[in-house]
Amino acid sequence: MTLAPSPAVATNAVSANPAGSAYRLSVPVRANNNNFRITWQPGGDLTDRLIADGTVTLSDDEESYTIMGELSIGGSYQNCNYFHGGTKMSVRRDGEEYNPATDSAKRWGWQRISEERTCNALHDGGTLHFEYTGRWEPLDERVLIDIRANPIIGSYSYSDNAKCERSGKTFEC
């Protein structure tokens, strides 16, 4: 899969996970575009990063949507030190639907949408391609996408998420 180069990217503030290490996330700010890019820089190291690039599209009948993309390692990432080589990486999705009766949003629940690959395998193999198709209901509003790290020892780590909102017959991420 070949994806178009990303235009200008806005960077969110650094946030801390429970273990105290900092994450930096860059999410594109683009109007009328269904492309997303998540750049996760664990530990605040600006040269080592995990990148999830992809698109969210709505079917012609507007009853389903598809998330397609690839997860890769950017920067030097020579030995995957931060993730201890055997840590498994994956991409997952969640979503929100609007409830007009309560004027609130309800989450669907996170679901993994890619295989799990170790940092070393991603480094050696290049990219991990993923594709997910789900049902789109009339009250659904947005799809959320993030990167998950599943370490051999310790707790999961997650990037911030890209939010793709439905706008007519397309998504804006």
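Numbering of residues starts from 1 in each chain and follows the order in which that chain's sequence is written. Side-chain atom pairs in this predicted model are given and counted only at pLDDT of 80 or more, local residue features only at pLDDT of at least 70, and totals for whole chains, interfaces and linings cover all residues. Heavy atoms from the whole structure form the basis of all side-chain values; hydrogens and water molecules are not counted.

### Observations regarding the overall build of the protein chain
- Where helices and strands are cited, they refer to DSSP runs of H or I of at least four residues and of E of at least two residues respectively, numbered from the N terminus. For the protein chain, the helix and strand inventory stands at 1 helix and 16 strands.
- Here, two residues are considered to be in contact whenever any of their heavy atoms come within 4.5 Å of each other. Residue pairs in contact within the protein chain that sit at least 24 positions apart in sequence constitute 56% of those at least 6 positions apart.
- Carbon and sulfur atoms provide 47% of the accessible area of the protein chain, an area that totals close to 8,900 Å². Only the protein chains shown count as cover for residues, and all accessible areas are computed by the Shrake-Rupley method using a 1.4 Å probe.

### Focus on the pattern of salt bridges
- In what follows, salt bridge is the name for a side-chain nitrogen of Lys or Arg lying within 4 Å of a carboxyl oxygen of Asp or Glu. Taken as a whole and assessed by the stated rule, the structure comprises 15 salt bridges.
- Of the charged contacts in the structure, one is a salt bridge between Glu62 and Lys169, with a shortest N-O distance of 3.1 Å. Separated by 107 residues along the polypeptide, Glu62 in the loop between strand 6 (48-58) and strand 7 (64-75) and Lys169 in the loop between strand 15 (162-167) and strand 16 (170-172) bring together distant segments of the chain.
- Of the residues examined, Lys169 reaches a relative accessible area of 60% and is grouped as exposed.
- Note that Glu96 is salt-bridged to Arg107, the shortest N-O span being 3.8 Å. Three exposure classes are used, based on accessible area relative to the maximum for each residue type with a 1.4 Å probe and protein chains only: buried under 20%, partly exposed in between, and exposed over 50%.

### A look at the packing of aromatic side chains
- Any two of the Phe, Tyr and Trp rings considered here, Trp counted by its six-membered ring, make a pair once their centres fall within 6.5 Å; the pair's planes then place it as stacked at under 30 degrees, edge-to-face at over 60, or tilted in between. Overall, the coordinates contain 6 aromatic pairs when judged by the stated rule.
- Plain terms: the ring middles of Tyr65 and Trp108 are 6.1 Å apart, the flat faces sit at 35° to each other, and that makes the pair tilted. Of this pair, Tyr65 sits in strand 7 while Trp108 sits in the loop between strand 9 (104-107) and strand 10 (111-112), and the two are 43 residues apart along the sequence.
- We classify Tyr65 as buried; its relative accessible area is 1%.
- Residues Tyr65 and Tyr132 carry aromatic rings whose centres are separated by 6.1 Å and whose planes lie at 55° to one another, so their mutual orientation is tilted.

### What about the side chain of Ser72?
- With respect to the element layout, Ser72 can be found in strand 7.
- Among residues more than four places away in sequence, those in contact with Ser72 are Arg49, Leu50, Ile51, Gly126 and Thr127.

### Some details on the confidence of the model for the protein chain
- Per-residue confidence from the predictor is given as pLDDT, running between 0 and 100. Model confidence for the protein chain is summarised by a mean pLDDT of 75, while 71% of its residues fall at 70 or above.
- Per-element mean pLDDT across the protein chain ranges from 31 in strand 1 (residues 9-11) up to 94 in strand 10.
- Within the model, the stretch residues 1-32 combines pLDDT values under 50 with 68 contacts to residues more than four positions away or in other chains.

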